[in-house]
Amino acid sequence: MDWKDRIVLDPKILVGKPAVKGTRISVELVIDLLSSGWTYEQITGSYPNITADDIRACLAYAGELLHSEMVLPLTPA
(Lines give C-alpha, C1' and ligand atoms only; values in the text may rest on other atoms or scores of the structure.)
Protein backbone atom coordinates (compact mmCIF):
# COMPACT_ATOMS: atom_id res chain seq x y z
CA MET A 1 0.00 0.00 0.00
CA ASP A 2 1.28 3.44 -0.92
CA TRP A 3 0.25 6.23 1.45
CA LYS A 4 0.20 8.62 -1.54
CA ASP A 5 -3.01 6.93 -2.71
CA ARG A 6 -4.76 7.78 0.56
CA ILE A 7 -3.20 10.97 1.99
CA VAL A 8 -3.62 14.38 0.35
CA LEU A 9 -2.19 17.83 0.96
CA ASP A 10 -4.58 20.43 -0.42
CA PRO A 11 -4.45 24.09 0.64
CA LYS A 12 -8.27 24.17 0.38
CA ILE A 13 -8.65 21.36 2.95
CA LEU A 14 -7.53 21.95 6.54
CA VAL A 15 -5.24 24.76 5.37
CA GLY A 16 -3.02 22.21 3.62
CA LYS A 17 -2.49 19.82 6.51
CA PRO A 18 -2.12 16.23 5.37
CA ALA A 19 -5.52 14.56 5.49
CA VAL A 20 -7.17 11.28 4.59
CA LYS A 21 -8.33 11.55 0.97
CA GLY A 22 -12.01 12.45 0.61
CA THR A 23 -12.31 13.58 4.25
CA ARG A 24 -11.41 16.44 6.54
CA ILE A 25 -9.69 14.03 8.94
CA SER A 26 -6.07 15.02 9.41
CA VAL A 27 -3.14 12.65 9.71
CA GLU A 28 -2.32 14.55 12.89
CA LEU A 29 -5.69 13.62 14.44
CA VAL A 30 -5.28 9.94 13.58
CA ILE A 31 -1.75 9.83 15.03
CA ASP A 32 -2.93 11.65 18.17
CA LEU A 33 -5.77 9.16 18.63
CA LEU A 34 -3.43 6.20 18.23
CA SER A 35 -0.94 7.71 20.68
CA SER A 36 -3.80 8.15 23.16
CA GLY A 37 -4.46 4.43 23.02
CA TRP A 38 -7.36 4.31 20.58
CA THR A 39 -7.64 1.12 18.55
CA TYR A 40 -8.26 0.95 14.82
CA GLU A 41 -11.80 -0.21 15.64
CA GLN A 42 -12.45 2.78 17.90
CA ILE A 43 -11.18 5.20 15.27
CA THR A 44 -13.17 3.69 12.40
CA GLY A 45 -16.22 3.44 14.67
CA SER A 46 -16.00 7.13 15.55
CA TYR A 47 -14.97 8.24 12.07
CA PRO A 48 -16.78 5.88 9.67
CA ASN A 49 -15.40 7.71 6.61
CA ILE A 50 -11.97 6.17 7.15
CA THR A 51 -10.76 2.59 7.01
CA ALA A 52 -8.00 0.57 8.64
CA ASP A 53 -5.99 1.06 5.43
CA ASP A 54 -6.38 4.84 5.83
CA ILE A 55 -5.00 4.57 9.37
CA ARG A 56 -2.04 2.54 8.12
CA ALA A 57 -1.48 5.17 5.43
CA CYS A 58 -1.35 7.86 8.13
CA LEU A 59 1.30 5.86 9.96
CA ALA A 60 3.26 5.30 6.75
CA TYR A 61 3.11 9.03 5.96
CA ALA A 62 4.33 9.94 9.46
CA GLY A 63 7.10 7.35 9.23
CA GLU A 64 8.30 8.62 5.87
CA LEU A 65 8.22 12.19 7.14
CA LEU A 66 10.40 11.24 10.10
CA HIS A 67 12.86 9.44 7.82
CA SER A 68 13.25 12.55 5.69
CA GLU A 69 13.57 15.09 8.51
CA MET A 70 16.37 15.88 10.89
CA VAL A 71 15.03 15.03 14.33
CA LEU A 72 16.55 16.83 17.28
CA PRO A 73 16.38 15.48 20.83
CA LEU A 74 13.93 17.19 23.15
CA THR A 75 15.48 18.92 26.14
CA PRO A 76 13.74 18.86 29.50
CA ALA A 77 11.78 22.04 30.25
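Scroll up for the structure.
Before going into details, it helps to say that this report is about the structure given with it.

What counts, and at which threshold
- Residues numbered from 1 in each chain as written.
- Predicted model: local features only at pLDDT ≥ 70, side-chain atom pairs only at ≥ 80, totals over all residues.
- Heavy atoms only, no water.
- Helix = DSSP H or I, 4+ residues; strand = E, 2+ residues; numbered from the N terminus.
- Buried < 20%, exposed > 50% of the residue type's maximum accessible area, 1.4 Å probe, protein only.
- Contact = heavy atoms within 4.5 Å.
- Areas by Shrake-Rupley, 256 points an atom, 1.4 Å probe, with all protein chains shown as cover.
- Lys, Arg positive; Asp, Glu negative; His and termini not counted.
- Charge placed at Lys NZ, Arg CZ, Asp CG, Glu CD.
- Salt bridge = Lys/Arg side-chain N within 4 Å of Asp/Glu carboxyl O.
- Polar contact = N/O pair within 3.5 Å; in protein donor to acceptor, adjacent residues only side chain to side chain.
- Axes fitted to C-alpha atoms, helices over the stretch in contact; angles between N-to-C directions.
- Parallel < 35°, antiparallel > 145°, perpendicular 65-115°, else oblique.
- Nonpolar A, V, L, I, M, F, W, Y, C, P; charged D, E, K, R; others polar.

**Quick notes on the overall build of the protein chain**
Argument step 1. A count of helices and strands for the protein chain gives 3 helices and 2 strands.
Argument step 2. Helices (α) and strands (β) of the protein chain occur, in sequence order from the N terminus, as β-β-α-α-α.
Argument step 3. Across the 77 residues that make up the protein chain, the buried fraction comes to 23%.
Argument step 4. In the protein chain, of all internal contacts separated by at least 6 residues, the share reaching a separation of at least 24 is 38%.
Argument step 5. Carbon together with sulfur atoms contributes 58% to the accessible area of the protein chain, which is approximately 5,500 Å² in total.
Argument step 6. For the protein chain, the distance from the average position of its 7 positive side-chain charges to the average position of its 10 negative side-chain charges is 6 Å.

**Regarding the pattern of salt bridges**
Argument step 1. What the rule picks out here adds up to 4 salt bridges.
Argument step 2. We note a salt bridge from Asp53 to Arg6, for which the minimum N-O separation is 3.6 Å. With Asp53 in helix 3 (residues 52–68) and Arg6 in the segment before strand 1 (7–8), the pair connects residues that are 47 residues apart, well separated along the chain.
Argument step 3. Among the residues examined, Asp53 registers a relative accessible area of 30% and is labelled partly exposed.
Argument step 4. Put simply, Asp54 and Arg6 hold a salt bridge, and the shortest N to O gap is 2.7 Å. Taken together, the residues span a long stretch of sequence, with Asp54 in helix 3 and Arg6 in the segment before strand 1 at a distance of 48 residues.
Argument step 5. On the basis of relative accessible area, Asp54 is assigned to the buried category, the value being 8%.
Argument step 6. Beyond isolated ion pairs, a larger network of salt bridges with shared partners links Arg6, Asp53, Asp54 and Arg56.

**Brief notes about unusual backbone geometry**
Argument step 1. Within the chain, Leu14 stands out as a residue other than glycine whose phi angle is a positive 55°.
Argument step 2. As for its position among the elements, Leu14 is in the loop between strand 1 and strand 2 (19–20).
Argument step 3. Residue Leu14 is classed as partly exposed on the basis of its relative accessible area of 23%.

**Some points on the side chain of Thr23**
Argument step 1. Of note, Thr23 is situated in the loop between strand 2 and helix 1 (27–35).
Argument step 2. Within polar-contact distance, the side chain of Thr23 engages the backbone nitrogen of Ile25 at 3.0 Å.

**Things to note about the packing of helix 1 against helix 3**
Argument step 1. Contact geometry for helix 1 and helix 3: axes closest at 9 Å, N-to-C directions at 100°. Judged on the interaxial angle alone, helix 3 and helix 1 are roughly perpendicular. Contact residues: helix 1 offers Val27, Val30, Ile31 and Leu34, while helix 3 offers Ile55, Cys58, Leu59, Tyr61 and Ala62.
Argument step 2. Grouping the constituent residues of the contact of helix 1 with helix 3 by class yields 9 nonpolar, no polar and no charged.

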